[in-house]
Amino acid sequence: MAALRYGIVTYKNRRAGVLREAPHGGTRFDYDENFPDTIACALPRAVGGVTTRK
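Residues numbered from 1 in each chain as written. Predicted model: local features only at pLDDT ≥ 70, side-chain atom pairs only at ≥ 80, totals over all residues. Heavy atoms only, no water.

Q: What should I look at first to understand the packing of aromatic side chains in this one?
A: Describing an aromatic ring pair means giving the distance of the ring centres and the angle of the ring planes. Counting across every chain of the model gives three aromatic pairs. When the centroid spacing of 6.4 Å and the interplanar angle of 80° are considered together, the rings of Tyr11 and Phe35 count as edge-to-face. Placement of the pair is Tyr11 in strand β1 (residues 6-11) and Phe35 in the loop between β3 (27-31) and β4 (50-52), with a sequence separation of 24 residues. Pairing Phe29 with Tyr31 gives two aromatic rings, centres 4.8 Å apart and planes at 85°, and the pair type is edge-to-face. As far as the burial class goes, Phe29 and Tyr31 line up, both buried. Grouping aromatic residues by their ring pairs yields a cluster made of Tyr11, Phe29, Tyr31 and Phe35. (Phe/Tyr/Trp six-rings, centres within 6.5 Å; stacked < 30°, edge-to-face > 60°. Helix = DSSP H or I, 4+ residues; strand = E, 2+ residues; numbered from the N terminus. Buried < 20%, exposed > 50% of the residue type's maximum accessible area, 1.4 Å probe, protein only.)

Q: Explain the environment of Leu43 here, please?
A: Within the element layout of this structure, Leu43 appears in the loop between β3 and β4. Taking the C-alpha atoms as reference, Leu43 lies 8.9 Å from Tyr31; in sequence the two are 12 residues apart.

Q: Just checking my understanding: could you explain unusual backbone geometry for this structure?
A: Note: most peptide bonds trans; most residues except glycine with negative phi. Positive phi is not limited to glycine here, since Lys12 has a value of about 55°. Mapped onto the fold, Lys12 is located in the loop between β1 and β2 (14-21). Taking relative accessible area as the criterion, Lys12 reaches 67% and is therefore assigned exposed.

Q: Looking at this structure, I do not really get the pairing of β2. What am I missing?
A: On a regular strand, one side chain projects to one face of the sheet and the next to the other, so that they alternate. Sheet analysis places β1 next to β2, joined by six bridges and oriented antiparallel. Looking across to β2, one finds that Val9 is bridged to Gly17. Hairpin remark: β1 followed by β2, antiparallel, with two residues in the connecting loop; positive phi at Lys12, about 55°. Hairpin connection, β2 to β3: the antiparallel pair is bridged by five residues, and Gly25 has positive phi, about 105°. (Pairing = 2+ DSSP bridges.)

Q: Quick question: what am I supposed to make of the pattern of salt bridges here?
A: Pairing between side chains becomes possible if they bear opposite charge and their charged atoms approach one another. Counted by the stated rule, this structure contains four salt bridges. Among the ionic pairs, Arg15 bridges to Asp32, the shortest N-O distance being 2.7 Å. Residue Arg15 is found in strand β2, and its partner Asp32 is found in the loop between β3 and β4; the two are separated by 17 residues along the sequence. Residue Asp32 is classed as partly exposed on the basis of its relative accessible area of 21%. A salt bridge links Asp30 to Arg28; the nearest nitrogen and oxygen atoms lie 3.1 Å apart. Using a relative accessible area of 29% as the deciding quantity, one classes Arg28 as partly exposed. Residues participating in the shared-partner salt-bridge network are Arg20, Arg28 and Asp30. (Salt bridge = Lys/Arg side-chain N within 4 Å of Asp/Glu carboxyl O.)

Okay, here's the thing in structure tokens:
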């Protein structure tokens, strides 16, 4: 199995969270605990992160 990719997301020069490739397709975004804002309506704060499917 290939390694899953991830990226650290920054907003206004602050680390906002991590965007990860999901094991069975799609992506997942998790905000860092200490990040106070929501970046966009497409990335709302949610318990368990935001997951999209292909």
